[in-house]
Amino acid sequence: MRAVAQDVTSPGRALLALAVVFLLLATSGWTAQRHLGQAKDPRALALSAWLHGSVNAHRLPRPDAPPQTIAHFFATLTAHQRARLAHRYPLVVGNLNGAPATLRYRANRISIHRALKAERRRQHTALLNDAGRWESRRRVHRYLSLLHAGRQIFSFDPSGRGKAAEVFGNLNTADRVSVLVPGVDVDLLSFERTDKPRTAPVGMARSLYNSARRTDPKARIAMIAWADYRTPVGIGVDAATGTLASQGADRLEQLVAALPRKVSTSLFCHSYGSVVCGMAAAGLPKHKVSDIAVFGSPGMRVDRASDLHTDARVWAARDPSDWIEDVPHLEFAGLGHGADPVSPGFGARVVDADNAHGHAGYLEPGTASLRNFARLAVGKYWSVSCATGNTCTTGIV
């Protein structure tokens, strides 16, 4: 495991390098174009209808109410009333933190069916150019995939670039829940991939879940592939700042707060997702998140792990072939994400990532990083293999 070499005797030189990198990113063709989105925002329309709705002559709770409030509201309803709300407002119910998981799965299947029907209608209009028709076909393909039997879609929003989350395992019976937080260029279309599946959130989470099950077949675990925040597009200014990460951190805090109170939660944060996890860390419920593991990380917006102000154990991994190693691990005038999590001075528990290749290869079968993360997911800390020169399991009971 190699740490980024920093010229600590020449801070001006390092800051200049950082400024040049981000100037190039901001002005060159590396920065991807913004997706213009769709003319109407289905989620906004659904929220507006929900806010004017009622059940038993009582107004429906605000969608941004605390998860405990949402959970109490649904607990007061009959099964028939819950089903009616899921059918009438699926884009709201399917994304409500605090709503029963099985109800969210049902609501999201309804939303996906409706989105599929609308997209097929749109394909037959004269409004689409060749590029629009190509993207429309991709959306239809994605909706059909999400509708496969047995899939548990935990959130779904077709607005703009789209967002989604999927659960592997049983959230209702799990003792330990892991959340996979992805990085840049993740949206509804890139939520999963048929080629190189373990470079996308669904394939990453499925790989980690299956490995954890093999590590401890008796463990009651669940895994969430969580692409439910607006990620940066391309390696541009959004990826170099914390604005989108801050918004994602708020959503991640709400998700964790909505998980069952006694569940032990682990966060596995890839690339820009580690910025999200770093900004969320202090706001996560105390004694509920046991571990935060970052891999391929550009930084967590802090200088040291202790600055995260979390009682969770902080783990880090990076393979020597990951290009993120060459990104300046600094923060200056809002650009950059701070210290390198695998550097000795940061204070994270650095695990072995042997046999991982590239920026997205950490959860491939046969890698030490996948084995180590699976052990973290089931709580087998004593069997985690540390990076050379790191005593990552010291002090864990």
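A brief report on the enclosed structure follows. Model, not experiment: these values are computed from the prediction.

Turning our eyes to something else, we now look at helix 2 (residues 42-51). Turning to helix 2, its buried residues are R43, A46 and W50. Projected down its long axis, helix 2 carries its buried residues within an arc of 60°, all on one side. Residues of helix 2 that are buried in the fold lie against helix 3 (67-75), helix 4 (79-88), helix 5 (90-93) and strand 3 (152-157). Structurally, the start of helix 2 carries an N-cap: the backbone nitrogen of R43 is 3.1 Å from a side-chain oxygen of D41.

Using the criterion set out here, one finds 16 salt bridges in the structure. Note that E364 and R198 form a salt bridge whose closest N and O atoms lie 2.8 Å from each other. Of the two residues, E364 is situated in the loop between strand 10 (349-350) and helix 12 (368-378) and R198 in the loop between strand 5 (176-181) and helix 8 (201-215); the sequence distance between them amounts to 166 residues. Here R251 ties to D228 by a salt bridge, and the two come within 3.1 Å at their closest N and O atoms. Here R251 is found in helix 10 (residues 243-258), whereas its partner D228 is found in the loop between strand 6 (221-227) and helix 9 (237-240), with 23 residues between them in sequence. Of the residues examined, R251 reaches a relative accessible area of 32% and is grouped as partly exposed. Three or more residues are tied together by salt bridges with common partners; here these are R142, R151, E166 and E192.

The subject of this paragraph is the packing of aromatic side chains. Each aromatic ring pair is characterised by the separation of its centres together with the angle its planes make. Under the criterion given, the structure shown has 10 aromatic pairs. Taken together, the ring pairs connect F268, F295, Y362 and F373 into an aromatic cluster. The ring centre of Y381 lies 4.3 Å from the NZ or CZ of R313, which sits over that ring. For the cation-ring pair, R349 lies above W315, with the distance from its terminal atom to the ring centre recorded as 5.7 Å.

The subject of this paragraph is the side chain of S264. With respect to the helices and strands, S264 occurs in strand 7 (residues 264-270). Apart from residues lying up to four places away in sequence, S264 is in contact with D175, R176, V177, K288 and S290.

Here the focus is the packing of helix 8 against helix 12. In contact at an axis separation of 8 Å, helix 8 and helix 12 are set at 70° when each is read in the N-to-C sense. By the angle class used here, helix 8 and helix 12 are roughly perpendicular. The element helix 8 and its partner helix 12 pack so that their crossing is right-handed. Contacts from S207, L208, S211, A212 and T215 of helix 8 reach helix 12 at L370, F373, A374, R375, A377 and V378. Looking at side-chain class alone, the contact of helix 8 with helix 12 contains 7 nonpolar, 3 polar and 1 charged residues.

So, on to the state of the cysteines. For the structure on display, the rule yields 2 disulfides. Each disulfide pairs two cysteine sulfurs, and for C386 the partner residue is C392, the sulfurs being separated by 2.1 Å. Judged by the sign of its S-S torsion, about -85°, the bond between C386 and C392 is left-handed. Classification of C386 as partly exposed rests on a relative accessible area of 23%. Numbered by order of appearance in the sequence, the disulfide-linked cysteines of the protein pair as 1-2, 3-4.

What follows concerns the environment of F332. Mapped onto the elements, F332 comes out in the loop between strand 9 (313-317) and strand 10. Taking relative accessible area as the criterion, F332 reaches 44% and is therefore assigned partly exposed. Each C-alpha atom of the pair F332 and T241 lies 10.0 Å from the other, and the pair is 91 residues apart in sequence.

Looking now at the nonpolar core. With 65 residues, the main nonpolar core has W50, F74, L85, F156, F268, W315 and F373 as its most contacted residues. W50 has contacts with L60, P61, P63, F73, F74, L85, Y89, V92, V93 and L96, leaving out every residue within four places of it along the chain.

Looking now at the environment of A222. Relative to the elements of secondary structure, A222 occurs in strand 6. Excluding its chain neighbours within four sequence positions, the residues that come into contact with A222 are F168, G169, N170, L171, A174, R176, V177, S178 and Y209.

With that out of the way, let us pick up the sheet that holds strand 8 (residues 289-295). Strand order in the open sheet formed by 8 strands is 3-4-6-5-7-8-9-10, with mixed pairing between adjacent strands. Unpaired on one side and paired on the other, strand 3 and strand 10 mark the two borders of the sheet. Looking at chain direction, strand 7 and strand 8 are connected through 6 bridges and run parallel. Within strand 8, the position partnered with H270 by the bridge is F295. Packing of helix 10 onto the sheet brings it into contact with strand 3, strand 4 (163-169), strand 5, strand 6, strand 7 and strand 8, and relative to strand 6 it is tilted by some 155°.

Conventions we followed
Residues numbered from 1 in each chain as written. Predicted model: local features only at pLDDT ≥ 70, side-chain atom pairs only at ≥ 80, totals over all residues. Heavy atoms only, no water. Buried < 20%, exposed > 50% of the residue type's maximum accessible area, 1.4 Å probe, protein only. Helix = DSSP H or I, 4+ residues; strand = E, 2+ residues; numbered from the N terminus. Arc of directions from axis to C-beta. Contact = heavy atoms within 4.5 Å. Polar contact = N/O pair within 3.5 Å; in protein donor to acceptor, adjacent residues only side chain to side chain. Salt bridge = Lys/Arg side-chain N within 4 Å of Asp/Glu carboxyl O. Phe/Tyr/Trp six-rings, centres within 6.5 Å; stacked < 30°, edge-to-face > 60°. Lys NZ or Arg CZ within 6 Å of the ring centre and 35° of its normal. Axes fitted to C-alpha atoms, helices over the stretch in contact; angles between N-to-C directions. Parallel < 35°, antiparallel > 145°, perpendicular 65-115°, else oblique. Left-handed = near helix turned anticlockwise from the far one by under 90°. Nonpolar A, V, L, I, M, F, W, Y, C, P; charged D, E, K, R; others polar. Disulfide = S-S within 2.5 Å. Core = buried A, V, L, I, M, F, W, Y, C linked by side-chain atoms within 4.5 Å. Pairing = 2+ DSSP bridges.

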